[in-house]
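Tertiary structure, described
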Amino acid sequence: MRKYIGDKKFYLMVLSVAVPIMIQNGITNFVSLLDNIMVGQIGTEQMSGVAIVNQLILVFNLCIFGGVSGAGIFTAQYYGCKDQKGIRDTFRMKLLIVSFITAVGLLVFSVFGIRLVGLYLHETGNQSSLDMTMLYARKYMRIMMVELVPFAMIQVYSGTLRETGETMLPMKAGIVAVFINLILNYILIFGKFGMPALGVEGAAIATTVSRFAELAIIAGWIHRNTEKNPFIIGAYRSLRIPSGLVGKVLVTGLPLMVNEALWSSGQAVLMQCYSVRGLSIVAAFNISSTISNVFNVVFIALGNSVGIIIGQLLGAGKMEEAKDTVRKLMFFSVGGCAAIGIILSFAAPFFPMIYNTTEEIRGLAARFIIVSSLCMPLYAFVNVAYFTLRSGGKTLITFFFDSVFVWVVNIPLAYVLSRFTGVNIIPLYFFCQFIDIIKCVIGYVLMKKGVWMNTIIVKSADE
């Protein structure tokens, strides 16, 4: 077991990276849960409209994440060999990438947003509920489009900080932002302290303001503390990037960006497949996914930690240490998530009770949560495998491992079961999630072979 369990020093090192990310994501998801509950207090249609729009915005968010992640692989390795010019160049690359993705995202939401929302609205005999859901979705989307801009810039700045070893500042900024969001939600959704009750529009305004606040904190700190962040000196003097690096980032990063786009759109299509069983499924799935996300921060943070820690070890040429670290992180992540999944499965019936909705939706949500809790060890294994492969620049493999699998396996399975069979929605959802066991087998084989053990950077010349 010594091969799989590290010593005290090892876990302190891992947790020093993972815990700040875990806390930030945990608080963010917990406040999202409170947001969800607040919106749910004003009606099921409002909650469903917001859930559909957020599912679509998730596609944009993950495209941004994928776009900056390709350059981020290089950032982590440049930091590993103490190359500030390389970090600066990758920072500029991220700026150009997110600018392009944001422009495309705004165009898509402006032209096709309402039609995309309409794909989720299926019900028999209750047209008024569909109309109200569409109305609230339109109101929410119109304001949330503004939020896309600060979100994109936050990923550029906070991602670079994490990749260069500074995880505390993004965590602190995230904590401040979510509390701003929470307070403004309470004031604007329900009309407290003399403000008008804006409902879903209030929720959108609160989220947008909190994003701008988070960006101001992170960017302001970086620009004020140039001695700690020398890469930012002259970063905006020009956007010139060595052509060789541009080519490498695009070759490495394009599969990542396409992967995130296809994976997130695949999740949206999966939700659409589930939605054909009725609007109540959309509401229940929204509740379950929001609650599950609070617990999923463990394997998500550990996956991010793998990307950062292994990227730095590979950049420093410490191959055997990287291999040993991955094995121990995998064991830690899967074991921890198995324990958390057991706790979540027992608590599942109680969480939906805090929502102001029907008993049918509460019951469905509880069963969705139980399915997610049973699959948590699978999610943890797949997540560590994904970030391990990515840290060594094997982004084409991760493309097939992640998004191609969703479109070739998960979606056809969900489409056939939801439209051509009478299988109940709960076993249907279980089948579509547990099929990821195939990815676990593939991931294990790829990691065992060590195909990810690569150094992908060349140290830049000093300016």
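What counts as what
- Residues numbered from 1 in each chain as written.
- Predicted model: local features only at pLDDT ≥ 70, side-chain atom pairs only at ≥ 80, totals over all residues.
- Heavy atoms only, no water.
- Helix = DSSP H or I, 4+ residues; strand = E, 2+ residues; numbered from the N terminus.
- Rg over C-alpha atoms; globule rule 2.2 N^0.38 Å.
- Buried < 20%, exposed > 50% of the residue type's maximum accessible area, 1.4 Å probe, protein only.
- Expected span 1.5 Å × (residues − 1).
- Arc of directions from axis to C-beta.
- Polar contact = N/O pair within 3.5 Å; in protein donor to acceptor, adjacent residues only side chain to side chain.
- pLDDT = per-residue confidence, 0-100.
- Axes fitted to C-alpha atoms, helices over the stretch in contact; angles between N-to-C directions.
- Parallel < 35°, antiparallel > 145°, perpendicular 65-115°, else oblique.
- Left-handed = near helix turned anticlockwise from the far one by under 90°.
- Contact = heavy atoms within 4.5 Å.
- Nonpolar A, V, L, I, M, F, W, Y, C, P; charged D, E, K, R; others polar.
- Salt bridge = Lys/Arg side-chain N within 4 Å of Asp/Glu carboxyl O.

Scanning the protein for helices and strands turns up 14 helices and 0 strands. Order of helices (α) and strands (β) in the protein, N terminus to C terminus: α-α-α-α-α-α-α-α-α-α-α-α-α-α. In terms of C-alpha radius of gyration, the protein reaches 22 Å, essentially the compact-globule figure of 23 Å for 463 residues. Seen through its principal axes, the protein has C-alpha atoms that stretch 65 × 50 × 40 Å. Counting the 463 residues in the protein, one finds 56% classified as buried.

This part is about helix α14 (residues 437-449). Since the α-helix packs 3.6 residues into each turn, any two residues three or four apart lie on the same face. Here α14 is 13 residues long and its end C-alpha atoms lie 19 Å apart, about the 18 Å a rise of 1.5 Å per residue gives. Here α14 has its buried residues at Lys-439, Cys-440, Gly-443, Leu-446 and Met-447. One face of α14 carries all of its buried residues, which in axial projection span an arc of 135 degrees. In α14, those exposed residues whose orientation departs by more than 90 degrees from the buried face are Val-441, Lys-448 and Lys-449.

All buried positions along helix α13 (residues 425-434) are accounted for by Ile-425, Ile-426, Leu-428, Tyr-429, Cys-432 and Gln-433. The arc that holds every buried residue of α13, seen down its axis, measures 160 degrees, which confines them to one face. The opening residue of α13, the one whose side-chain oxygen lies 3.0 Å from the backbone nitrogen of Ile-426, is Asn-424.

This part covers unusual backbone geometry. Unlike most non-glycine residues, Phe-193 shows phi in positive territory, near 55 degrees. Here Phe-193 is to be found in the loop between α5 (168-190) and α6 (200-224). A relative accessible area of 72% places Phe-193 in the exposed class.

Considering every residue of the protein, the mean pLDDT works out to 85; 95% of them sit at 70 or more. Confidence, read as mean pLDDT per element, is least for helix α1 (residues 8-41) in the protein (76) and greatest for α6 (93).

All right, on to the side chain of Glu-147 then. For Glu-147, the position within the fold is in helix α4 (residues 127-163). The class of Glu-147 is buried, set by a relative accessible area of 1%. A polar atom in the side chain of Glu-147 sits 2.7 Å from the side chain of Arg-211.

Here the focus is the packing of α5 against α6. For the pair α5 and α6, interaxial distance at closest approach is 8 Å and the crossing angle is 155 degrees. Relative to α6, α5 is oriented roughly antiparallel. Considering the relative orientation of α5 and α6, their crossing is right-handed. Residues Leu-169, Pro-170, Ala-173, Gly-174, Val-176, Ala-177, Ile-180, Asn-181, Leu-184, Asn-185, Leu-188 and Ile-189 of α5 touch α6, and the partners they reach there are Gly-202, Ala-203, Ile-205, Ala-206, Thr-207, Val-209, Ser-210, Ala-213, Glu-214, Ile-217, Ile-218 and Trp-221. Residues that form the contact of α5 with α6 fall into these classes: 17 nonpolar, 6 polar and 1 charged.

Applying the stated criterion across every chain yields a total of 9 salt bridges. With its nearest N and O atoms 2.9 Å apart, the salt bridge here joins Lys-85 to Asp-89. Residue Lys-85 and its partner Asp-89 are both found in helix α3 (residues 84-118); the two are separated by 4 residues, about one turn of the helix. Considered together, Lys-85 and Asp-89 belong to a single accessibility category, that of buried residues. Across the pair Lys-328 and Asp-324 runs a salt bridge whose closest N-O atoms are separated by 2.9 Å. Residue Lys-328 and its partner Asp-324 are located together in helix α9 (residues 319-347), separated by 4 residues, close to a single helical turn. By relative accessible area, Lys-328 is classed as buried at 12%. Salt bridges sharing common partners tie together Lys-85, Asp-89 and Arg-92.

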